[in-house]
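Given next are the chains, with one letter for each unit.
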Amino acid sequence: MSEQDSSVERLVRKSLITEDALGRPFSERIRQSRRTLENYLKAGGLPRWMERVIEVDSRIAQEHQRLATTYRALRDECDGDPALFARRWTAFAQATRYDELNELIRQHNEWYPIERDLPMNPRTGDYVQVRGRSYRRPELDPEWVLAQFRP
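Residues numbered from 1 in each chain as written. Predicted model: local features only at pLDDT ≥ 70, side-chain atom pairs only at ≥ 80, totals over all residues. Heavy atoms only, no water.

## Notes on the overall build of the protein
The criterion, for reference: Comment: elements are numbered from the N terminus, with helices defined as DSSP H or I runs of at least four residues and strands as E runs of at least two. Relative accessibility decides the category of a residue: with a 1.4 Å probe and only protein chains considered, values under 20% of the type maximum give buried, values over 50% give exposed, and everything between is partly exposed. By definition in these notes, contact holds between two residues if any of their heavy atoms fall within 4.5 Å.
In terms of regular secondary structure, the protein is built from seven helices and two strands. When the helices and strands of the protein are listed from N to C terminus, the series reads α-α-α-α-α-α-β-β-α. Of all 151 residues assigned to the protein, the portion counted as buried reaches 28%. A sequence separation of at least 24 residues applies to 66% of the contacts in the protein between residues at least 6 apart.

In structure tokens, the structure reads:
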């Protein structure tokens, strides 16, 4: 596994079926049936894209709440010294890592339009927006932290 592999390639590689795995081919009926959200919901489970969107959005919201708490505590510790607070908050933002969450965000950004079967906009060559905004979620990094909470 190389570092240049996309998250999609890593996910597919993990799920490859070995030669000795048992199983049988899908029936013609299953292969011809249309996958719809209604069918997923009738089956009793959420589609993976929906689970992933919920997980990404809730984890970003949790991280935002955690940062708000840390921001207030650090501001109180600095006791009105804005220069000290700015240095410490910037250092905190630079040191905070989001590797696991960013991997989930990358998976979402790569798989969502495919799993949702989003149409392409012929003018832009990109997938259409969902409810007026891009389906993509930004990865979290020090710039994101500092944009959410200014030092």
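## Some thoughts on the nonpolar core
Definition in use: We define a nonpolar core as any set of buried Ala, Val, Leu, Ile, Met, Phe, Trp, Tyr and Cys residues linked to one another through side-chain atoms lying within 4.5 Å.
Of all hydrophobic cores here, the largest spans 19 residues; its most connected members are Ile-60, Leu-67, Trp-89, Leu-140, Trp-144 and Val-145. Element by element, the count of residues in this core is highest for helix α4 (residues 48–77), at six residues. Not counting chain neighbours up to four residues away, the residues in contact with Trp-144 comprise Ile-60, Glu-63, His-64, Leu-67, Tyr-98 and Glu-139. Grouped together as the second largest cluster of nonpolar side chains are seven residues, Trp-49, Val-53, Tyr-112 and Leu-118 included.

## What about the pattern of salt bridges?
Keep this limit in mind: What makes a salt bridge here is a side-chain nitrogen of Lys or Arg within 4 Å of a carboxyl oxygen of Asp or Glu, nothing more.
Taken as a whole and judged by the stated rule, the model has eleven salt bridges. Across the pair Arg-48 and Glu-51 runs a salt bridge whose closest N-O atoms are separated by 3.6 Å. Of this pair, Arg-48 and Glu-51 both sit in helix α4, three residues apart, roughly one helical turn. According to the relative accessible area criterion, Arg-48 is partly exposed, its value standing at 36%. Between Arg-136 and Asp-126 there is a salt bridge, and its shortest N-O distance comes to 3.0 Å. Highlighted residues: Arg-136 in the loop between β2 (126–127) and α7 (142–148) and Asp-126 in strand β2, separated in sequence by ten residues. One network of salt bridges, with partners in common, ties together Glu-55, Arg-59 and Glu-100.

## Section: the environment of Arg-150
Along the polypeptide, Arg-150 turns up in the segment after α7. Look at Arg-150 and you get exposed, because its relative accessible area is 60%. Each C-alpha atom of the pair Arg-150 and Ala-86 lies 8.3 Å from the other, and the pair is 64 residues apart in sequence.

## Examining the packing of aromatic side chains
Selection rule: Between the rings of Phe, Tyr and Trp (Trp by its six-membered ring), a pair exists once the centres lie within 6.5 Å; its type follows the angle of the planes, with under 30 degrees stacked, over 60 edge-to-face, and the other angles tilted. Geometrically, a lysine NZ or arginine CZ counts as sitting over a ring once it is within 6 Å of the ring centre and also within 35 degrees of the ring normal.
A complete count under the given rule lists ten aromatic pairs for this structure. An angle of 35° between the planes, with centres 5.3 Å apart, marks the rings of Tyr-71 and Phe-149 as tilted. Within this pair, whereas Tyr-71 is found in helix α4, its partner Phe-149 is found in the segment after α7, the two being separated by 78 residues in sequence. Look at Phe-149 and you get buried, because its relative accessible area is 11%. Feature note: the residues Tyr-71, Phe-85, Trp-89, Phe-92 and Phe-149 constitute an aromatic cluster, connected by ring pairs. Positioned over the ring face of Trp-49 is Arg-116, at 4.5 Å from the centre of the ring.

## Quick look at the packing of α4 against helix α6 (residues 99–115)
Quick note on the threshold: Helix axes use the C-alpha atoms of the stretch in contact, all axes being lines fitted to C-alpha atoms, and the angles between their N-to-C directions lie in the range 0 to 180 degrees. Crossing handedness is defined as follows: a turn of the near helix away from the far one that is anticlockwise and smaller than a right angle gives a left-handed crossing, while the clockwise case is right-handed. Polarity classes work like this: nonpolar for Ala, Val, Leu, Ile, Met, Phe, Trp, Tyr, Cys and Pro, charged for Asp, Glu, Lys and Arg, and polar for all others, with Gly in that last group.
Look at α4 against α6: their axes get within 10 Å of each other, and the N-to-C directions meet at 145°. α6 is crossed by α4, and the crossing has left-handed handedness. Packed against α4, whose contacting residues are Arg-48, Trp-49, Arg-52, Val-53, Glu-55, Val-56, Arg-59 and Ile-60, the element α6 presents Glu-100, Leu-101, Leu-104, Ile-105, Gln-107, His-108, Trp-111, Tyr-112 and Glu-115 at the interface. Considering only residue class, the contact of α4 with α6 consists of nine nonpolar, two polar and six charged.

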